[in-house]
Amino acid sequence: MNLSPSLSRLVLGAALAVGAQAAMAQQQLVPAQSEVQFTARQMGVPLEGHFKKFDAKVTFDPAKLDTSKIQFTVDTGSATLGSRETDAELPKPTWFNVPKFPQAQFESTAIKALGGGKFEVAGKLTIKGTPQNVVVPVTLTQNGPTTTATGTLPIKRLAFKIGENEWADTSMVADDVTVKFKLALTGVAKI
C-alpha cells in the first residue's frame, strides 16, 4: 500500500505522539524510595513529622516543559509526628479535618528550567479546601532508571487553616512549616 508523502508524515507524526504519550505514561512513583516530611515548631522546639501515604501522577519531559504536568496528593490522615497523642489530634477539624478534607493536593501550572537539573514548578497547593499559588524549587538527579526529585517548600499553616481556634496563636505553634520531599520516579527522559 502506497501512502502519499503528506499522509505518511501524518501517520508517522501520530505514531510518534502516541509513542511519546506512552513513554510519559510509564513514569511511576517508587513509594519505597520516596518520602514527604514536615517540620513545625512548638514553643520553639522543632517537631519532625512525615506523611505515610502519598501519590504522584507525572507526565514530565524536560524537552517539553510546556506540556509537562505534575499532580501530587497526600493523604492527610497519614500524618504522623511519632506520638500517639499528637497523631490522634492531627485528623481533627482544628488541624487537618481529615473526615472533610482527606487529601491535600498540588497541581502544576508551569515548569521552568533553571539549568543543572534545577526547576521551578508553579502550581496550586490545596489543603483543607484552601487553594494557594506556590512555586516549588525542585532538583532532579538521575541514577540509572530512577530520577529523584527533591525540594523544600516553606508554607504558612494559618493560610491553610491548619491549627485553628486556640492553636492559631503562633507563640505556641509557629506559623512557618517546612515541607521536604524526595520523590523517586521511573520512566523520566534524560535531563
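The coordinates are above.
Basis of the calculations
- Residues numbered from 1 in each chain as written.
- Predicted model: local features only at pLDDT ≥ 70, side-chain atom pairs only at ≥ 80, totals over all residues.
- Heavy atoms only, no water.
- Helix = DSSP H or I, 4+ residues; strand = E, 2+ residues; numbered from the N terminus.
- Buried < 20%, exposed > 50% of the residue type's maximum accessible area, 1.4 Å probe, protein only.
- Contact = heavy atoms within 4.5 Å.
- Areas by Shrake-Rupley, 256 points an atom, 1.4 Å probe, with all protein chains shown as cover.
- Salt bridge = Lys/Arg side-chain N within 4 Å of Asp/Glu carboxyl O.
- Pairing = 2+ DSSP bridges.
- Polar contact = N/O pair within 3.5 Å; in protein donor to acceptor, adjacent residues only side chain to side chain.
- Phe/Tyr/Trp six-rings, centres within 6.5 Å; stacked < 30°, edge-to-face > 60°.

### Some details on the overall build of the chain
Here's step 1: Each helix and strand counted, the chain has 2 helices and 11 strands in total.
Here's step 2: Listing the helices and strands of the chain from first to last along the sequence gives α-β-β-β-β-β-β-α-β-β-β-β-β.
Here's step 3: Residue burial in the chain is summarised as follows: out of 191 residues, 35% are buried.
Here's step 4: Relative to all contacts within the chain whose residues are 6 or more apart in sequence, the contacts with residues 24 or more apart total 58%.
Here's step 5: Taken as a whole, the chain presents about 11,300 Å² of accessible surface, with 58% of it coming from carbon and sulfur.

### Re the pattern of salt bridges
Here's step 1: All chains considered together, the criterion is met by 4 salt bridges.
Here's step 2: Here E89 and K92 are joined by a salt bridge, their closest N and O atoms 3.0 Å apart.
Here's step 3: Judged by its relative accessible area of 35%, E89 is partly exposed.
Here's step 4: Where E164 meets K128, a salt bridge forms, and the shortest distance between an N and an O atom there is 2.8 Å.

### Comments concerning the side chain of T130
Here's step 1: Residue position: T130 is located in strand β9 (residues 130-143).
Here's step 2: Taking relative accessible area as the criterion, T130 reaches 12% and is therefore assigned buried.
Here's step 3: When residues no more than four places from it in sequence are discounted, the contact partners of T130 are L125, A159, F160 and K161.

### Remarks on the pairing of strand β7 (residues 103-115)
Here's step 1: Here strand β5 (residues 69-75) pairs with β7 via 5 bridges, running antiparallel. Note on β7: the bridge partner recorded for D75 is Q103.
Here's step 2: The pairing of β7 with strand β8 (residues 118-127) spans 9 bridges and is antiparallel. Residue pairing for β8: S108 is matched across the bridge by G123.

### Considering the environment of D87
Here's step 1: Among the structural elements, D87 can be located in helix α2 (residues 84-89).
Here's step 2: When the C-alpha positions of D87 and G49 are compared, they lie 9.8 Å apart, and in sequence the two are 38 residues distant.
Here's step 3: Discounting chain neighbours no more than four positions away, the residues touching D87 are A79, T80, L81 and G82.
Here's step 4: There is a polar contact of 2.7 Å between the side chain of D87 and the backbone nitrogen of L81.

### Points about the environment of W95
Here's step 1: Take W95: it is sitting in the loop between α2 and β7.
Here's step 2: Accessibility expressed as a relative area gives 13% for W95, which makes it buried.
Here's step 3: Residues W95 and R157, 62 residues apart in the sequence, show an inter-C-alpha distance of 9.4 Å.
Here's step 4: With residues near it in sequence (within four places) discarded, W95 still touches E89, L90, K128, R157, K161, I162, G163, W167 and V173.

### Re the pairing of strand β10 (residues 146-156)
Here's step 1: Judged from the 5 bridges that link them, β9 and β10 form a sheet pairing that is antiparallel. By the bridge assignment for β10, Q142 is matched with T147.
Here's step 2: The turn joining β9 and β10, which pair antiparallel and follow one another in sequence, is formed by 2 residues; a positive phi near 65° is taken by G144.
Here's step 3: Bridge count between β10 and strand β11 (residues 176-186): 11 bridges; the pairing is antiparallel. Across the sheet, residue T150 finds its bridge partner in β11, namely K182.

### Looking at the packing of aromatic side chains
Here's step 1: Tallied over the entire structure, the rule returns 5 aromatic pairs.
Here's step 2: With centroids separated by 6.0 Å and ring planes inclined at 35°, the aromatic side chains of F54 and F72 adopt a geometry described as tilted. Note that F54 is positioned in strand β4 (residues 54-59) and F72 in strand β5, a separation of 18 residues in sequence. Side by side, F54 and F72 carry an identical accessibility label, which is buried.
Here's step 3: Seen from their ring centres, F60 and F119 are 5.5 Å apart, and the 90° between their planes marks the pair as edge-to-face. Residue F60 is found in the loop between β4 and β5, and its partner F119 is found in strand β8; the two are separated by 59 residues along the sequence. Taken individually, F60 and F119 each receive the classification buried, so the pair is uniform in this respect.
Here's step 4: Ring pairing ties together the aromatic residues F38, F51 and F96, which thus form one cluster.

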